[in-house]
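# Geometric and topological summary
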Amino acid sequence: QVQLVESGGGLVQAGGSLRLSCAASGSIFSGATMAWYRQVPGKQRELVARIRSGGSTEYVDSVKGRFTISRDNTKNTVYLEMNSLKPEDTAAYYCNAIFAFSDYWGRGTQVTVSS
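Our subject in this report is the structure included herewith. It should be emphasised that the depicted structure is a prediction, and the values quoted were computed from it without experimental measurement.

Strand order in this open sheet of four strands is 1-3-8-7, and the pairing throughout is antiparallel. The open sheet terminates on both sides in strands that have one partner only, identified here as strand 1 (4–7) and strand 7 (67–72). The mean angle between the axes of side-by-side strands here comes to 15°, regardless of whether they run parallel or antiparallel. Inspection of the sheet shows strand 3 (residues 18–24) paired to strand 8 (residues 77–82) by six bridges, in the antiparallel sense. Within the sheet, the bridge partner assigned to L18 lies in strand 8 and is M82.

Have a look at this one:
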């Protein structure tokens, strides 16, 4: 059983920074594609950033240059460094892992950016 636990969310002023962490249990981490999604009530969940097992990354256009996804395979943890935060970044952020055609989700952490 794979469990993903997010942390690091909170309230921050516009222009500020936060770092989200997602700790994964189980033995799949190093081979998994890890991602961060976010969701605002009433809207679809959207992909924010993804990092593959080999380290390649991709980002949604709205966060390019401001967010950085990284992973530490020794700690089974993926991070999302968020800088220059904007009120439109306010959302629940979810960690996702894909491994061997299986999809795993964390319970989410709330990020609120005040103007």
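The next thing to look at is the pattern of salt bridges. Under the definition given, this model contains six salt bridges. The residue R50 makes a salt bridge to E58 at a minimum N-O spacing of 2.9 Å. Through salt bridges with shared partners, one network takes in R38, E46, R66 and D89.

A few words now on the state of the cysteines. Per the counting criterion, the structure on display carries one disulfide. Between the sulfur atoms of C22 and its disulfide partner C95 the distance amounts to 2.1 Å. On the S-S bond that ties C22 to C95, the torsion sits near -80°, and the link is left-handed. Separated by 73 residues along the polypeptide, C22 in strand 3 and C95 in strand 9 (residues 91–99) bring together distant segments of the chain. We classify C22 as buried; its relative accessible area is 0%. With a relative accessible area of 0%, C95 lands in the buried category.

Quick look at the packing of aromatic side chains now. Per the counting criterion, the structure on display carries one aromatic pair. The side chain of R45 reaches across the aromatic face of Y94, ending 3.7 Å from its centre. When the ring centre of W105 is taken as origin, the NZ or CZ atom of R45, which lies over that ring, is 4.7 Å away.

Even without glycine at this site, N76 takes up a positive phi of about 50°. If you trace the backbone, N76 turns up in the loop between strand 7 and strand 8. Of note in the backbone geometry, F101 takes a positive phi value of approximately 65° without being a glycine. You can see F101 is positioned in the loop between strand 9 and strand 10 (102–105).

This part takes up the side chain of T77. Inspection of the secondary structure assignment puts T77 in strand 8. A residue is classified by how much of its surface remains accessible, and T77, at 9% relative accessible area, is buried. For T77, the contacting residues outside a window of four places in its chain are S21, C22, A23, F29, S70, R71 and D72.

Criteria and cut-off values
Residues numbered from 1 in each chain as written. Predicted model: local features only at pLDDT ≥ 70, side-chain atom pairs only at ≥ 80, totals over all residues. Heavy atoms only, no water. Pairing = 2+ DSSP bridges. Helix = DSSP H or I, 4+ residues; strand = E, 2+ residues; numbered from the N terminus. Axes fitted to C-alpha atoms, helices over the stretch in contact; angles between N-to-C directions. Salt bridge = Lys/Arg side-chain N within 4 Å of Asp/Glu carboxyl O. Disulfide = S-S within 2.5 Å. Buried < 20%, exposed > 50% of the residue type's maximum accessible area, 1.4 Å probe, protein only. Phe/Tyr/Trp six-rings, centres within 6.5 Å; stacked < 30°, edge-to-face > 60°. Lys NZ or Arg CZ within 6 Å of the ring centre and 35° of its normal. Contact = heavy atoms within 4.5 Å.

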